[in-house]
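Here is what each chain is made of, one letter per residue.
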Amino acid sequence: MGQQSLIYSFVARGTVILAEFTEFTGNFTAVASQCLTKLPATNNKFTYNCDGYTFNYLVEEGYTYCVVAVESVGRQVPIAFLERVKEDFNRRYGEGKAATVPANSLSRDFGSKLKEHMQYCVDHPEEIRRLAKVKAQVSEVQGVMMENIEKVLDRGEKIELLVDQTENLQSQAQDFRQQGTKILRKMWLQNMKIKLIVLGIIIALILIIILSICHGFKCK
């Protein structure tokens, strides 16, 4: 990887460039600044291609980290560079230390750090790509873990629904048993009434017959 793979970098607060570094001349600085004004404010990574170069941006918590790179270098090395710069910048100027500093006021101090990070990424491309691959695998594992957790939660919801349905069925069965007991008791009482009425009729008939026989004997 040649020395010109990373050619320009800056750190900005909003659209105000606080620190920048390059060893080259060209209109790439103007193009990078123009793209900065059009970036969404949401935390994210963005890459724009233009005339064989990539303009790579990392936006996070109101700060934007940018590097212009040769397109052939790919995306892993520029993004890894931006991550290193972000961590270094936050370590030095975190907790609001860079919240009010004027434009380019940090170029003398942090510009040399941008140069060091550029040189490191240029000299260790395989290490950068290996770390990027590991991070991608970790992110993939985290995604799978989240998917599995969501499946467990979904299954838990289904289990709860099944429990609710089972409880409802048990309640309905208990109500049915109670209603069945009431109906059986009612039917038993009705049968007893019918039997008592039939028995009463039979007894009455027997009494009538007995009385009739006794009356006949008296008449003789």
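Note that the coordinates shown come from a computational prediction; the quantities given were computed from them, not determined experimentally. (Residues numbered from 1 in each chain as written. Predicted model: local features only at pLDDT ≥ 70, side-chain atom pairs only at ≥ 80, totals over all residues. Heavy atoms only, no water.)

Points about the pattern of salt bridges
Here's step 1: Overall, the coordinates contain seven salt bridges when judged by the stated rule.
Here's step 2: The shortest N-O distance in the salt bridge between Glu83 and Lys86 comes to 3.2 Å. Placement of both Glu83 and Lys86 in helix α2 (residues 76–93) is noted, with a separation of three residues, approximately one turn of the helix.
Here's step 3: The exposure class of Glu83 is buried, given its relative accessible area of 16%. (Salt bridge = Lys/Arg side-chain N within 4 Å of Asp/Glu carboxyl O. Helix = DSSP H or I, 4+ residues; strand = E, 2+ residues; numbered from the N terminus. Buried < 20%, exposed > 50% of the residue type's maximum accessible area, 1.4 Å probe, protein only.)

Quick word on the nonpolar core
Here's step 1: Residues Leu6, Tyr65, Phe81, Phe89, Ala98, Leu106 and Phe110 are the most contacted members of the largest nonpolar core, which totals 28 residues.
Here's step 2: Listed by contribution, the elements that provide at least two residues to this core are β1 (6–13), β2 (16–22), β5 (63–70), α2 and α3 (107–123).
Here's step 3: Among residues more than four places away in sequence, those in contact with Leu106 are Leu18, Ala19, Phe89, Tyr93, Ala98, Val101 and Gly111.
Here's step 4: Counting residues in hydrophobic clusters, the runner-up holds 16 residues, among them Phe10, Ala12, Ile17 and Leu36. (Core = buried A, V, L, I, M, F, W, Y, C linked by side-chain atoms within 4.5 Å. Contact = heavy atoms within 4.5 Å.)

Quick word on the pairing of β5
Here's step 1: Most of β5 is tucked away, with seven of its eight residues classed as buried.
Here's step 2: As paired strands, β1 and β5 are joined by seven bridges and run antiparallel to one another. If you follow Tyr8 over to β5, its bridge partner there is Val68.
Here's step 3: Examined bridge by bridge, strand β4 (residues 53–60) and β5 share eight bridges and lie antiparallel to one another. Looking at the pairing, Tyr53 lines up with Val70 of β5. (Pairing = 2+ DSSP bridges.)

Comments concerning the pairing of strand β3 (residues 44–50)
Here's step 1: Two elements, β3 and β4, share seven bridges in a ladder whose sense is antiparallel. Within the sheet, the bridge partner assigned to Tyr48 lies in β4 and is Phe55.
Here's step 2: Linking β3 to β4, which pair antiparallel, is a turn of two residues; within it Asp51 sits at a positive phi near 55 degrees.

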